[in-house]
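A look at the structure
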Amino acid sequence: MSILQKETLKRFCDYTGRKTLDEYSVMTGIERTRLFRLMHGAEMKLSEFEILQSFLAKKFDEGIDWQGIIQEAEEDKAAGEVTKDFRIQWERERRLGRYLEDSKKAA
């Protein structure tokens, strides 16, 4: 599930409150079985994304800051890669230190 899809569904559910799939279907015009699939990870079609975005914009004067969400996700990904690289480097240094200690003991 994409970040934008996840955020769209989250905001839609937050704003509308807990309802049945039938009630969500009446609000949006998206079939309830399709809504079920979307909420359980199926990829959203562009038309479905637009329907939910339009609903949020009309009812609550709030859409999603797409650029902000994408930028945040890219920053999180970059931070994760830095953390991963740091962890790998730290593990290498730890192993090298252990190897040098073992070499000194053996000599």
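Below is a short write-up of the structure. (Residues numbered from 1 in each chain as written. Predicted model: local features only at pLDDT ≥ 70, side-chain atom pairs only at ≥ 80, totals over all residues. Heavy atoms only, no water.)

With that settled, consider the packing of helix 2 (residues 21-28) against helix 3 (residues 32-39). Between two packed helices, both the angle of their axes relative to each other and the distance between the axes serve to describe the pair. It is the contact of helix 2 with helix 3, at a shortest axis distance of 9 Å, that shows an interaxial angle of 105°. Judged on the interaxial angle alone, helix 3 and helix 2 are roughly perpendicular. Residue-level inspection shows Leu 21, Asp 22, Tyr 24, Ser 25 and Thr 28 of helix 2 in contact with helix 3, the latter providing Arg 32, Leu 35, Phe 36 and Met 39. Each residue belonging to the contact of helix 2 with helix 3 can be placed in one class, and the counts come to five nonpolar, two polar and two charged. (Axes fitted to C-alpha atoms, helices over the stretch in contact; angles between N-to-C directions. Helix = DSSP H or I, 4+ residues; strand = E, 2+ residues; numbered from the N terminus. Parallel < 35°, antiparallel > 145°, perpendicular 65-115°, else oblique. Contact = heavy atoms within 4.5 Å. Nonpolar A, V, L, I, M, F, W, Y, C, P; charged D, E, K, R; others polar.)

The end-to-end C-alpha distance of helix 1 (residues 3-16), which contains 14 residues, comes to 20 Å, matching closely the 20 Å that a straight helix rising 1.5 Å per residue would cover. Taken together, the buried positions of helix 1 are occupied by Leu 4, Gln 5, Thr 8, Leu 9, Phe 12 and Thr 16. Around the axis of helix 1, the buried residues are gathered within 130° of arc, so they sit on the same side. Facing away from the buried surface of helix 1 by more than 90 degrees, the exposed residues are Lys 6 and Asp 14. Of the residues one or two after helix 1, Gly 17 is the one with positive phi, at around 85°. (Expected span 1.5 Å × (residues − 1). Buried < 20%, exposed > 50% of the residue type's maximum accessible area, 1.4 Å probe, protein only. Arc of directions from axis to C-beta.)

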